[in-house]
Amino acid sequence: MNPYLRLLTFLIPLLLQGISPLFSKDGYKLWLQYHPLESPQKVQRLMGAIRVEGDSPTLAILKKELQLAANGFFDENHPLAFDYQEESARLIISKRSPQRWDPADKGSLGREGFRLLQNDAGAIWIAADTDIGLLYGTFKWLQLMQAGQSIPAAGFHSEPKIQRRILNHWDNLNRTVERGYAGASIWNWHRLPDHIDQQYHDYARANASIGINGTVVTNVNANALVLTPEYLEKAAALADVFRPYGITLYLTARFSAPMELGRLPTADPLDPEVQEWWKKKAEEIYQYIPDFGGFLVKADSEGQPGPHNYQRSQADGANLLADALKPHGGIVMWRAFVYSEDTPDDRAKQAYQEFQPYDGSFRDNVIVQVKNGAIDFQPREPFHPLFGAMPQTPLMMEFQITQEYLGQATHHVFLPSLYTEVLQSDTYVNGPGSTVSKVIDGSLHGYSLTAMAGVANIGTDRNWTGHHFHQANWFGYGRLAWDPQTSPETIADEWLRLTFTNAPEFIKPVKKMMLQSHEMAVNYMTPLGLHHIMAWSHHYGPGPWVTDRHRDDWTATYYHKASENGVGFDRTASGSNALEQYAPELQEKWGNLQQIPEKYLLWFHHVRWDHPLKSGRTLWDEMALRYQKGVDEARENVATWQNLQSHVDEERHAHVLSFLKIQAKEAVWWKDACLLYFQQFAQSPLPDGVEPPEKNLEYFMGIRHRYVPGN
Ligand code: GCW
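Caption draft 1: Structural detail: the confidence of the model for the protein chain. With 95% of its residues at a pLDDT of 70 or more, the protein chain shows a mean pLDDT of 95. Between residues 10-23, whose pLDDT stays under 50, and residues either more than four places distant or in other chains, the model counts 4 contacts.

What follows is the structure, given as structure tokens:
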């Protein structure tokens, strides 16, 4: 052989070996890793004889997914065929038909549900009534195989409990992302509609794999431009990509668009010309996007225009758009995040006051989108009092997946714990057991529309979400939107297996780390019901001293009210009485200093520093020890992860490790800054076990971060 050729044959494999890890383990593949199966024989046998019935863009995606999985699961090259005869097929993917199915199997699968069954001969059937149901079923089956699990003997049935499972992107047309910490917006509006980036497909595929079926691609702080033909054409190109993955596209609507785009003198919802303008606009949108989902609207909030500008109600505003969309099947998701510019009252009370009196006045294609708590995505908040208070108006949940107030890109906080805490909270409106999840899934009040939204944490970072572990929050959000009863533990377990490995020595400690991460972050940021004490505007790091700004309710002192007499916001009858917006059972329990769960203590009460808590310690000592506990755990996480090096590829291991170190360092920053600040009022020494700060309060107050992303 020619010596050059010989050199090449020697060099190429070496080069490939050297190069491929660089590209393969950057996290881009999310939970769809498809790493080699530990015992591949059985799955290999099944995938060696597949029958997929039917033909559609969705089924083409399904076949491609099976091929991708096979390429990863098995060592050798494994081209699949999908046309085995029924008798010889071992994996059958088909819609249900009366001939094939056991007459006992009459139960509904809905538009999106599926069933996995195994027959006596060991063949697997993935069954559904729609192509998208088949795709969901296939993803689930592949996930079970990756996780080393099998289908239960009685089969596996799954149907979403919530109709619309949506991501909200706070992405601007210029590709900045409000409160986005993982790079720029993945929507490249400038290149659309002609260039379809592969990432749009990958995004849709990732969402379909966890059952997300809708996306609002533009920021709620809306730009009317997206409703112009130029941008509608671009949005339509995205909708075309998403459609076969079962994903519906929605847009945000700026309330003043009739003035900005239509040059009308008003945007008054009761003005006939305004109504006509929206009607025409809706018709136009549906010409571009025949299955357009509808509008998400932020109105009368933080500078956004809305019906208040014309002394009209939120219902007037929502109904205007609902009427325009109705003939086309679209819906309006009208946000309840409305609060006054002038701080007339406790901010926590305002959304309820604004919406509750209008229960029953909204059109049937309106759903009111309510944040999980009454302030704003704090590390911990009691559930929003609107849940349970609007039996005649469908309410949907808005969770934040992006971590605006929770350490942003670098702090590992597993959010399904937070989501579940809210979903399982009891509103008591129809007696005990009236949980928020039953409000949301429609079962409590018989809502005909149900939905959940998650503010996305996705950007152009190679691993999509900045922190590898924040992929678990996207994943977990999808799982909970499909079934709000899914436990955080199940979600963590599944995500770890799909993303990293099934090794129990890895799963056990890392799962523990994930499951305690929310409580840990609450401890080092805002223990015992403290809230909104982050730095001004960008919310990165502590800022309990923030005071005296143009709006009171954006300052920290407004919320913690610390003085020598104590700390906390009195929301009982002696204070703002926000408590009155909850059911009597909760008023009684939370209004009582002895009975209120300590996690909500300073949310509802102003408490003396020497007030004794359940531990027997004073409020001050307990607060200080909680901050320390958060720090200790953040440090332990670094050690835990360091020990797991042999289970994780080098690239992801190093990435996560450096972020965990940042988190541990910043937990100390939080602890020191907050304790020094509150100590001025508590006037007590730090209790034993709390490390004294190395810097003084002035130092912390002097820290300025100028270019925090997402701001
Ligand atoms: O959480 C706050 C954010 C704003 C955001 C607003 C909202 C999109 O600080 O950046 O605006 O809430 O939810 O509308």
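Caption draft 2: Main features of the side chain of N365. Tracing the backbone shows N365 in the loop between α10 (347-355) and β11 (366-371). For N365, a relative accessible area of 6% translates into the label buried. In this structure the side chain of N365 is engaged in a polar contact, spanning 2.9 Å, whose partner is the backbone oxygen of A322. A distance of 3.1 Å separates a polar side-chain atom of N365 from the backbone oxygen of G330. Excluding residues that lie within four positions of it along the chain, N365 makes contacts with A322, L325, K326, G330, I331, V332 and L449.

Caption draft 3: Here's a closer look at helix α14 (residues 488-499). Helix length check: α14 (12 residues) gives 16 Å between terminal C-alpha atoms against 16 Å at 1.5 Å per residue, within 8%. For α14, a buried count of 10 out of 12 residues is recorded, marking the element as mostly surrounded by other parts of the structure. Those residues of α14 that sit buried are P488, I491, A492, D493, E494, W495, L496, R497, L498 and T499. Taken together, the buried residues of α14 touch α4 (131-146), α11 (416-423), α13 (471-482), α15 (504-525) and α20 (650-682).

Caption draft 4: The arrangement of the site of the ligand in detail. Looking at the ligand, there are 14 residues lining it, with E178, K298, K371, D376 and E404 nearest. Contacts to the ligand include E178, whose side-chain N or O atom sits 2.4 Å from an oxygen atom. In the environment of the ligand, an oxygen atom lies 3.2 Å from a nitrogen or oxygen atom belonging to the side chain of N221. Protein contact buries 97% of the 340 Å² of open area that the ligand shows by itself. Among the residues forming the shell around the ligand, the class breakdown is 3 nonpolar, 3 polar and 8 charged.

Caption draft 5: A look at the sheet that holds strand β3 (residues 114-118). Taken together, the 5 strands give an open sheet; going across it, the order is β1-β2-β4-β3-β5, and neighbouring strands pair in mixed fashion. Every interior strand has two partners, whereas the edge strands, β1 (50-52) and β5 (156-158), have only one. Taken over all neighbouring pairs, the strand axes of this sheet differ in orientation by 10 degrees on average, direction set aside. With 3 bridges connecting them, β3 and β5 associate as antiparallel partners. Within β5, the residue paired with F114 across the bridge is S158.

Caption draft 6: Spatial organisation of the domain arrangement of the protein chain. We note that the domain assignment places domain 1 (34-158), domain 2 (164-420 + 449-486) and domain 3 (523-569 + 606-701) within the protein chain. One C-alpha centre belongs to domain 2, the other to domain 3, and the line joining them spans 32 Å. Opposite the 26 residues of domain 2 that make contact, domain 3 presents 26 residues. Carbon and sulfur atoms make up 56% of the surface buried where domain 2 meets domain 3, a total of about 2,300 Å² over both sides. Among the residues domain 2 hides against domain 3, the three largest losses belong to T410, H411 and H468. Together they make up 24% of the total. For the pair domain 2 and domain 3, the number of links is 12 residue pairs in polar contact (both at pLDDT 80 or more). The residue makeup of the side of domain 2 that touches domain 3, split by class, is 7 nonpolar, 12 polar and 7 charged.

Caption draft 7: How the structure looks around α20. Spanning 33 residues, α20 covers 47 Å between terminal C-alpha atoms, matching the ideal 48 Å at 1.5 Å per step. At the C-terminal side of α20, Q683 shows a positive phi close to 50 degrees.

So, how was this worked out
- Residues numbered from 1 in each chain as written.
- Predicted model: local features only at pLDDT ≥ 70, side-chain atom pairs only at ≥ 80, totals over all residues.
- Heavy atoms only, no water.
- pLDDT = per-residue confidence, 0-100.
- Contact = heavy atoms within 4.5 Å.
- Helix = DSSP H or I, 4+ residues; strand = E, 2+ residues; numbered from the N terminus.
- Buried < 20%, exposed > 50% of the residue type's maximum accessible area, 1.4 Å probe, protein only.
- Polar contact = N/O pair within 3.5 Å; in protein donor to acceptor, adjacent residues only side chain to side chain.
- Expected span 1.5 Å × (residues − 1).
- Near = heavy atom within 4 Å.
- Areas by Shrake-Rupley, 256 points an atom, 1.4 Å probe, with all protein chains shown as cover.
- Nonpolar A, V, L, I, M, F, W, Y, C, P; charged D, E, K, R; others polar.
- Pairing = 2+ DSSP bridges.
- Axes fitted to C-alpha atoms, helices over the stretch in contact; angles between N-to-C directions.
- Domains from an automatic or database assignment.
- Buried area = accessible area lost by both parts, 1.4 Å probe.

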